Structure formats: structure tokens, C-alpha cells
Amino acid sequence: MKIGELAERTGVSIRSIRYYEQQGLLTPVRQENGYREYSPFAEEQVRTIRLYLNLGLSTEEIAGILHCVLKNKEAFCEEVLPIYRHKLKQIDEQIQLLNGIRQNLIDRIDSILLERTQTCQCQEEAK
């Protein structure tokens, strides 16, 4: 199948498919005229790539597990769990950082509102 048909069948842009190819995640056959020809299996590959991208994995991480998960069930790919655990640790660290930033913003808002309230009270008492 041609790249346009693959894009249509998977709902992924042609640009993304070219990027997956550039990253070594897809390997089409090149015809004599230079057009890409994808196997019917490429549709499953693209869907699998999208799944892992939606889990927050990088294309490098996906490349490390893609071959295995396309041939076996994910549960039987030894490479998967360490990658998932690493990604979960990264997410937990990001959540902790964001919670700290959130609390800092709450503190700043509270401080501003308190200062405004105190300033208004002082102005009313001066009248």
C-alpha cells in the first residue's frame, strides 16, 4: 500500500509516517519510481507505534521494544517492563515537581490577596 493509504487507514499523517520511517520504526520497500510501498503489516506497526507514543515513550524506547511486541504478546517481551518502570518514575518526578510549582503559586496568590486585604483595611482605618 502507498503512504497515503496507510495514513488514511491509521489516521496518522503522512508526515508522521515519514518520521517513523526516519526513526527506523517502519521500513517500506522503495519501488523503482521511488514511491514507498508498505506491507499490510505496516498498519499494525503504525497503530502499535501510536499506542506507545501515547504512553509517553520516545521513539528510541519504542525502537527497543517494537520488534518484540509485534511478534509476541507484550507480557513476553523482557524489554517492556524496565521501560515502563522508568517512564512511570519519570512521570512521578514530573508530578512531584508540578505539585511543588502549584503550591508555590498558591502561596503567591494567598500572599497577594492578604497584602491587598491588609492595605484596604489600613486605608479604611485612616479615613
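Residues numbered from 1 in each chain as written. Predicted model: local features only at pLDDT ≥ 70, side-chain atom pairs only at ≥ 80, totals over all residues. Heavy atoms only, no water.

1. A look at the side chain of Lys87
Stated formally: Only runs of H or I of at least four residues qualify as helices and only runs of E of at least two qualify as strands under DSSP, and these elements are numbered from the N terminus. A 1.4 Å probe rolled over the protein chains alone gives each residue an accessible area, and that area as a share of the maximum for its type sets the label: buried under 20%, exposed over 50%, partly exposed in between. By the counting scheme adopted, Arg and Lys are positive, Glu and Asp are negative, and His together with the chain ends is not counted. By salt bridge we mean one thing: a side-chain nitrogen of Lys or Arg within 4 Å of a carboxyl oxygen of Asp or Glu. When checking whether two residues touch, look at their non-hydrogen atoms; a contact exists if any pair is within 4.5 Å.
Tracing the sequence through the fold places Lys87 in helix H5 (residues 80–126). Of the side chains bearing the opposite charge, Glu61 lies closest to the buried Lys87, which forms no salt bridge; the N-O distance is 4.5 Å. Look past the residues within four positions of Lys87 in its chain and what remains in contact with it is Leu55, Gly56, Leu57 and Glu61.

2. With respect to the packing of helix H1 (residues 3–10) against helix H3 (residues 41–54)
Think of two packed helices as two axes; the pair is described by the angle between the axes and how far apart they sit. Let me state the cut-off plainly: Between N-to-C directions, angles cover 0 to 180 degrees, with each direction set by a line fitted to C-alpha atoms, over the stretch in contact for helices. What sets the label is the angle itself: under 35 degrees gives roughly parallel, over 145 gives roughly antiparallel, 65 to 115 gives roughly perpendicular, and the rest give oblique. Helix crossings get a hand from a simple test, with the near helix turned counterclockwise from the far one by less than a right angle marking a left-handed crossing and a clockwise turn marking a right-handed one.
At a minimum axis separation of 10 Å, H1 and H3 run at an interaxial angle of 50°. Taken together, H1 and H3 sit at an angle that is classed as oblique. Here H1 and H3 pass one another in a crossing that is right-handed. Contact residues: Leu6, Arg9 and Thr10 in H1; Ala42, Glu43, Val46 and Arg47 in H3.

3. What about the packing of H3 against helix H4 (residues 59–71)?
Basically, it comes down to this: Each residue gets one of three labels, nonpolar for Ala, Val, Leu, Ile, Met, Phe, Trp, Tyr, Cys and Pro, charged for Asp, Glu, Lys and Arg, and polar for the others, Gly among them.
Contact geometry for H3 and H4: axes closest at 10 Å, N-to-C directions at 135°. One element, H3, and the other, H4, form an angle in the oblique class. The hand of the H3/H4 crossing is right-handed. Packed against H3, whose contacting residues are Phe41, Glu44, Gln45, Thr48, Ile49, Tyr52 and Leu53, the element H4 presents Thr59, Ile62, Ile65, Leu66, Val69 and Leu70 at the interface. Its residues placed into classes, the contact of H3 with H4 shows 9 nonpolar, 3 polar and 1 charged.

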